[in-house]
Amino acid sequence: MEFDIKKYKDTKKSNTGKHFFITTYGCQMNEEDSEKLSGMLKRIGYTKTESIEDASIVLFNTCCVRENAENKVFGNLGMMKKYKRKNPDLIIGICGCMMQQEGMADKVLKTFPYVDIIFGTHNSYKFPEYLNRVKTEGVQVKEILNKETEIIEGIPIDRENSTKAFVTIMYGCNNFCTYCIVPYVRGRERSRKSEEIIKEIKELVSKGYKEITLLGQNVNSYGKGLEETIDFAKLLRLINEIDGLERVRFMTSHPKDLNEDVISAIKECDKLCEQIHLPVQSGSNRILKEMNRHYDRERYMYLINKIKEEIPNATITTDIIVGFPGETEEDFNDTLSLVKEVGYNAAYTFIYSRRNHTPADRMENQVPDDVKHERFNKLVQAVNEGVIRSNKEYEGKIVEILVEGPSKNDETKLMGRTRNGKLVNFAGDKSLIGQLINLKIVRAQPFSLVGELL
Ligand code: 5AD
Ligand code: SF4
């Protein structure tokens, strides 16, 4: 179905000069959703602001994958009370994964009655409609759909960056890892038609974008359920044909579905970057089984070795959870040994967080907090040793980077990434932003590289 902005056109005039403030929690999928929420708001006349004080709409796009993400949202909603008191016309909205949890929207309304709009992940395209209702009828709007709708194409999108863009290729997840809430809040897996994906990427290229990251909870199962016969490897090869596009990345791969065809596509297609994010979650076969991951350590290591063999300069990154219910010292040591064996270029490490209604939450042998923290610290240390070692290997090398913008920590410098995703800071003129350039790496820092123009 196509998104129809004409429905909301009437509001355009009255919104001129008004500002919205949006905060996003969680993953890249949420970031992309927020870019769409911004896109819709801009289309009906609002302007984005970085200051809550200036805003006439404040929107929180939430995440619920771990408890600490939820706590941050509660803290920020509490803080909004004073803004609403100062400006009763302020419209406060809350949306995203957290709202899809049973009973959560009601809990939010009860605790923070000054919230005006609540919606979930399946109906975010209706945000302009909800906004109209709040403004014209003065009502509070709460709408959460329990089931996914068909994919809505053509939602305006206001991208954060002008050189690289996210392109979602599939929504939802069917995997039901026992610790994870995502399948309950994002619904079942559904893929976008390849022609829609290609159309979007071609439009991006025509606007000057050089790099795209394909997004999905499990990109390797792309294509299932579509009328066309296509899989992820074939989609990658189609995208590689797009003239003017320089770099393609994708995430997230699932080790049970990543196959040799995808590895060959990365090896053979010049635009596919040598970078694979392959979450392992645990190095213990017993825990992997309890997590319902459908692969074992041996299969995982087979894939890692295959990637290293076929694409020698590939960076491999991962997600790891410590303290899953029943995890023993021996299981944890298996994770540590796997981290050392793989030598990750980066790893996102998480302390297991109990999530309502997930099977792992009902498991009896929960790991005590102090043990979880102790293991977490050991894991971070093991990961960092590998990351520092792998960064050191870049010293003295010439790399190609896509210049993304000013450095995060030092606005006088620029930053960019190598094809395989390493972050490089360097001194250079702002006119280089958006360009592919070669740099010499002069120093490796723990989590980034320092480069020099040639
Ligand atoms: N506790 C901790 N980490 C989790 N993740 C997903 N669910 C949980 C949970 N309940 C992590 C996984 C996943 C990443 C996006 O978040 O490692 O790959
Ligand atoms: Fe969660 Fe597993 Fe789906 Fe990833 S694959 S979103 S960890 S259920």
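See the structure printed just above.
The structure displayed is predicted, hence computed values, not measured ones.

## Thoughts on the sheet that holds strand 3 (residues 57–62)
Phase 1 of the analysis: Read across the open sheet, the six strands follow the order 2-1-3-4-5-6; overall the sheet is parallel. A single partner strand is all that each edge strand has here, and the edge strands are strand 2 (47–48) and strand 6 (141–143).
Phase 2 of the analysis: Note that strand 5 (residues 117–119) and strand 6 share three bridges and pair parallel. In the strand pairing of strand 6, F119 is matched with E143.
Phase 3 of the analysis: Docked against the sheet, helix 5 (residues 127–137) engages strand 3, strand 4 (91–96), strand 5 and strand 6, running at close to 155° with respect to strand 5.

## Description of the site of ligand 1
Phase 1 of the analysis: Contacts to ligand 1 come from V65, R66, Y179, Q281, D319, I321, F350, I351, Y352, S353 and R355.
Phase 2 of the analysis: R66 places a side-chain nitrogen or oxygen 2.9 Å from an oxygen atom of ligand 1.
Phase 3 of the analysis: Take Y179: an N or O atom from its main chain is 3.0 Å from a nitrogen atom of ligand 1.
Phase 4 of the analysis: Protein coverage of the free-state accessible area of ligand 1, which is 410 Å², stands at 85%.
Phase 5 of the analysis: For the shell around ligand 1, the elements supplying multiple residues, two or more each, are strand 13 (315–322) and strand 14 (346–351).
Phase 6 of the analysis: A class-by-class count of the residues in the shell around ligand 1 yields six nonpolar, two polar and three charged.

## Here we look at the nonpolar core
Phase 1 of the analysis: Within the largest apolar cluster, 58 residues are counted, with the highest numbers of intra-cluster contacts made by I201, L214, F232, I239 and Y300.
Phase 2 of the analysis: Beyond its immediate stretch of four places on either side in the chain, I201 contacts V167, I212, L214, I239, I242 and L245.
Phase 3 of the analysis: Within the second largest apolar cluster, 29 residues are counted, among which are F21, Y83, V115 and I181.

## Let's talk about the packing of aromatic side chains
Phase 1 of the analysis: This structure, assessed with the given rule, holds nine aromatic pairs.
Phase 2 of the analysis: Judged by centre distance (5.3 Å) and plane angle (80°), the ring pair of F176 and Y184 falls under edge-to-face.
Phase 3 of the analysis: Classification of F176 as partly exposed rests on a relative accessible area of 28%.
Phase 4 of the analysis: Through a chain of ring-to-ring contacts, the aromatic side chains of F74, F112 and Y114 assemble into a single cluster.
Phase 5 of the analysis: One cation-aromatic arrangement involves K397 over Y394; the distance from NZ or CZ to the ring centre is 5.8 Å.

## Some remarks on empty space enclosed by the protein
Phase 1 of the analysis: One pass over the structure, following the stated rule, counts two cavities of 30 Å³ or more.
Phase 2 of the analysis: Every residue lining the largest cavity is counted, 17 residues in all, and those nearest its centre are D33, T121, H122, S124 and Y171.
Phase 3 of the analysis: Considering each element in turn, the lining of the largest cavity owes the most residues, four residues, to helix 2 (residues 28–43).
Phase 4 of the analysis: A breakdown of the residues in the lining of the largest cavity according to their chemical character gives seven nonpolar, five polar and five charged.

## So, the site of ligand 2
Phase 1 of the analysis: Taken together, C173, N175, F176, C177, Y179, C180, V182, P183, Q217, H254 and R293 make up the full set of residues near ligand 2.
Phase 2 of the analysis: Structurally, ligand 2 is housed in the second largest pocket.
Phase 3 of the analysis: Taken together, the residues of the shell around ligand 2 break down into seven nonpolar, three polar and one charged.

Cut-off values and rules
Per chain, the residues get numbers from 1 upward, laid out in the order the sequence is written. Following the order in which they are written, the chains are lettered starting with A and the ligands numbered starting with 1. Residue-level local features of this predicted model are given only where pLDDT is at least 70; pairs of side-chain atoms are given and counted only at 80 or more, and the full residue set underlies all totals for whole chains, interfaces and linings. Side-chain metrics in this entry use all non-hydrogen atoms of the structure; hydrogen atoms and water are not considered. If DSSP finds at least two bridges between two strands, the strands pair. A run of H or I in DSSP counts as a helix once it spans at least four residues, and a run of E counts as a strand once it spans at least two, with each numbered from the N terminus. In what follows, residue pairs with any heavy atoms lying within 4.5 Å of each other are defined as contacts. Axis definition: a line fitted to C-alpha atoms, limited for helices to the stretch in contact. Angles are taken between N-to-C directions and run from 0 to 180 degrees. For this description, a residue counts as near a given molecule or strand if any of its non-hydrogen atoms is within 4 Å of it. Nitrogen and oxygen atoms within 3.5 Å of one another constitute a polar contact, given that in protein one can donate a hydrogen and the other can accept it, and given that sequence-neighbouring residues count only through two side-chain atoms. Each accessible area value is a Shrake-Rupley result obtained with a 1.4 Å probe; residue values ignore everything except the protein chains displayed when judging cover. Polar here means any residue other than Ala, Val, Leu, Ile, Met, Phe, Trp, Tyr, Cys and Pro, which are nonpolar, and Asp, Glu, Lys and Arg, which are charged; Gly is therefore polar. Here, the term nonpolar core denotes a set of buried Ala, Val, Leu, Ile, Met, Phe, Trp, Tyr and Cys residues that are joined through side-chain atoms within 4.5 Å. Only protein chains enter the accessibility calculation, which uses a 1.4 Å probe; a residue whose area is less than 20% of its type maximum is buried, one above 50% is exposed, and one in between is partly exposed. Side-chain rings of Phe, Tyr and Trp (the six-membered ring for Trp) are treated as a pair once their centres are within 6.5 Å; stacked means planes under 30 degrees apart, edge-to-face means over 60, and tilted covers the remaining angles. Two limits define a charge over a ring: the Lys NZ or Arg CZ must be within 6 Å of the ring centre, and within 35 degrees of the ring normal. The distinction between a cavity and a pocket rests on a 1 Å grid over the protein atoms alone: a 1.4 Å probe fits inside a cavity but cannot get out, while a pocket stays open yet meets protein on both sides within 12 Å along at least five of seven lines, and a residue with an atom within 4 Å of a point counts as lining. Grid points are joined across faces, edges and corners, and a volume is the space filled by probe spheres set on the points. Whether a molecule sits in a cavity or pocket is decided by its atoms, more than half of which must lie within 2 Å of the grid points.

So yeah, pure geometry; function would need other evidence.
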